Amino acid sequence: MGWAYGTAIVTDQGDQDRANGPLVHALREKSATVAIVGMGYVGVPLTCAFVEAGIKTIGLDTDKSRVADLQAGRPYIGHLDDTVFQRLAASAGFEATTRPQALGDADVVVICVPTPLDEDHVPDLSPIARAAADVAEHGRPRQLVVLESTTYPGTTRDVLIPALTSEFFIAYSPERIDPGGTADFVSTPKLVAGLDDQSVELAVALYESVFADVRLVKDIETAEAAKLLENTFRAVNIALVNELKVAFTSLGIDIWDVIDAAASKPFGFMSFYPGPGVGGHCIPIDPEYLAWKTRSSTSPLAITEAAIRINEDMPGYVLLRLTDVLDSRNRLLEDSTILIVGVSYKPGVGDIRSSPALVLIDELASGGAGVAYHDPLVAALDTGSGQLHSIPWEPATLARFDAAIICTDHDTIDYSLLAAGGLPIVDTRNAMARRGFMNSDNITKA
Ligand SMILES: NC(=O)c1ccc[n+]([C@@H]2O[C@H](COP(=O)([O-])OP(=O)(O)OC[C@H]3O[C@@H](n4cnc5c(N)ncnc54)[C@H](O)[C@@H]3O)[C@@H](O)[C@H]2O)c1
C-alpha cells in the first residue's frame, strides 16, 4: 500500500526509507527537537508545555516584534502570566526566531498559524500555505509535520501535503486550548490523526510527552471535522439563546432566569449564555469554514448559516435596546456619550479579535455618539474612528457618560462603582444581577 502526496509516492520500499523508529525513540526519550510555527494564543502555551517537559523547542514566527518579545521575555498575550515569557526567554531549551531555515534543525514541526476569513468570508489558508512552503524548503525528510490550526476537513490533504515534496510524516491534531478559561490545557484530551501508521505512532509519541490523555482519531478528515463540530456546536447554541433572548424579552421573560431554571435538569441540557455577539479567533470563524466547505461540495448547512447570522445581528439588537433606554430619558444617541465596559471578546483575556464590542463602538461612532471604553486587559484600541485608550475606572470619570453598555464582564472590574453612579446600564452579560445589583430602573438587560 502506498500514499501519494506531492510528487513523492510512498511505496513499501519507501516505507523502509521512512523508518520512523529513531524518531519515535527520540520523542519518547524527549531528545527530539520540536519547532512550533506561529507563536500566538495557541503556539505560546504549546511551546511552554514542551519546554517544561524538557523538550528542546524552536518558536518560529513571521512577526519580528513577537520574536523580539519572546527573546527578551516581554509578554504580549494578556491573560498569560508574565513569568511565562520570562521563563521561556531564560530557558536554554528554547529559541525564538523569524528564520524559516531553523526548521531544518527540528525533528518535528507543529503548525499553529491563523486560519482567518478574507473580506468575502472565504477561508484564507495563505498562512498555512506559507508555513507548508517553508517546511518544504527548509525542513528535512523524515520530519513529523503536524497541523494544529483549525480548518475545514480536507485542508491537510489538499493544502499541506501537496506542498511537501519530500517524505514527511504527516498528522493533524486540533488545538483545544481555552484562553483565560479554567480547563487545564495539558489535561484536556488531545485528538490525533495521522496519514499512515508511522505518522500516527510519531504523533502519539509527540503528544504523550506533554498531554495526559491522547486520543487517536481514525483519519485526518475526522479530526479536522471534530474540531469544527465542537466550535459549531458552541456557535449554534449561543445563537439559540441569543434568539430566545430577543423573543423572551418581548414576552417579558428574562432569558437568564429561564436558563437558570432549565439548568437544574441533570441530563440532556447544557447551559449556554446570550451576549452582544461572538468574538475571538474561533466561534465567529470556524462555523464559516464548515459552511463554506459544505456549500461548495454538498448542501448548505441551514442551522449553521442561521446561527452565524443571528450572532452577527446581536450588536444591532444591543444598539436598539440602548436607543430605547436613551429615548426613555429623552436623549438622542447623537447627543450622548456612551461607555463600553469590557471590549475583549470574553472575560479574563485581552483578545479583541472579532469582538462584538468593536462593532458596537464603530456603530455608535457612526451614529454620532461619543464613545469611550474601559477594559482592564486592553490598554488601547484601534477603531474605525481612531485610537481609544481605556478610561480610568473612577466615579468622576464614569459620571461623564450618559449610558454604559456592559459587553464583557471581567471579574476584576468593580461593578459597585457603576451601580453607585446611577448611570443607565445596558447589560448584555447579566453582570450586574449576578453580582447582586438589581436596580431595575437603571439596568436594562440586552
Ligand atoms: N485562540 C484560540 O483560542 C484558539 C483555540 C483553538 C484553536 N485555535 C486555532 O489555532 C490557530 C492559531 O490561532 P491563534 O489564536 O494562536 O492565532 P494568533 O494570531 O494568536 O497566532 C498566530 C501566529 O502565527 C504567526 N504566523 C502567521 N503566519 C505564519 C507563518 N507562515 N509562519 C510563521 N508564523 C506565522 C502570526 O504572526 C501569529 O503570531 C487558528 O487556526 C485558530 O483557529 C485558536
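Everything numeric here is computed off the predicted structure, so don't read it as measured data. (Residues numbered from 1 in each chain as written. Predicted model: local features only at pLDDT ≥ 70, side-chain atom pairs only at ≥ 80, totals over all residues. Heavy atoms only, no water.)

Draft legend 1. Examining a nonpolar patch on the surface more closely. Taken together, the side chains of Leu-229, Phe-233 and Met-270 define a hydrophobic patch exposed on the protein surface, amounting to about 330 Å² of accessible area. Within the fold, Met-270 resides in the loop between helix H10 (255-262) and helix H11 (286-297). (Patch = residues over 30% accessible without salt bridge, like charges linked within 9 Å, V, L, I, M, F, W, Y side chains within 5 Å. Areas by Shrake-Rupley, 256 points an atom, 1.4 Å probe, with all protein chains shown as cover. Salt bridge = Lys/Arg side-chain N within 4 Å of Asp/Glu carboxyl O. Helix = DSSP H or I, 4+ residues; strand = E, 2+ residues; numbered from the N terminus.)

Draft legend 2. Structural context of the domain arrangement of the protein. Structurally, the protein comprises domain 1 (3-218) and domain 2 (232-445). Counting residues at the interface gives 18 residues for domain 1 and 16 residues for domain 2. For the pair domain 1 and domain 2, the two sides together bury roughly 1,500 Å², of which 61% comes from carbon and sulfur. If you look at where domain 1 meets domain 2, you find 1 salt bridge. Here Lys-346 and Asp-178 are joined by a salt bridge, their closest N and O atoms 2.4 Å apart. Counting every contact that joins domain 1 to domain 2 gives 7 residue pairs in polar contact (both at pLDDT 80 or more). (Domains from an automatic or database assignment. Contact = heavy atoms within 4.5 Å. Buried area = accessible area lost by both parts, 1.4 Å probe. Polar contact = N/O pair within 3.5 Å; in protein donor to acceptor, adjacent residues only side chain to side chain.)

Draft legend 3. Main features of helix H6 (residues 126-138). Compared with the 18 Å implied by 1.5 Å per residue over 13 residues, the 18 Å span of H6 between its first and last C-alpha is a close match. Among the residues of H6, those classed as buried are Ile-128, Ala-131, Ala-132, Asp-134, Val-135 and His-138. The arc that holds the buried residues of H6, viewed along the axis, is 155°, so those residues lie on one side. Within H6, the exposed residues directed more than 90 degrees away from the buried face are Arg-130 and Glu-137. Its buried side turned inward, H6 meets strand E3 (33-37), strand E6 (108-111), strand E7 (144-147) and helix H7 (155-163). (Expected span 1.5 Å × (residues − 1). Buried < 20%, exposed > 50% of the residue type's maximum accessible area, 1.4 Å probe, protein only. Arc of directions from axis to C-beta.)

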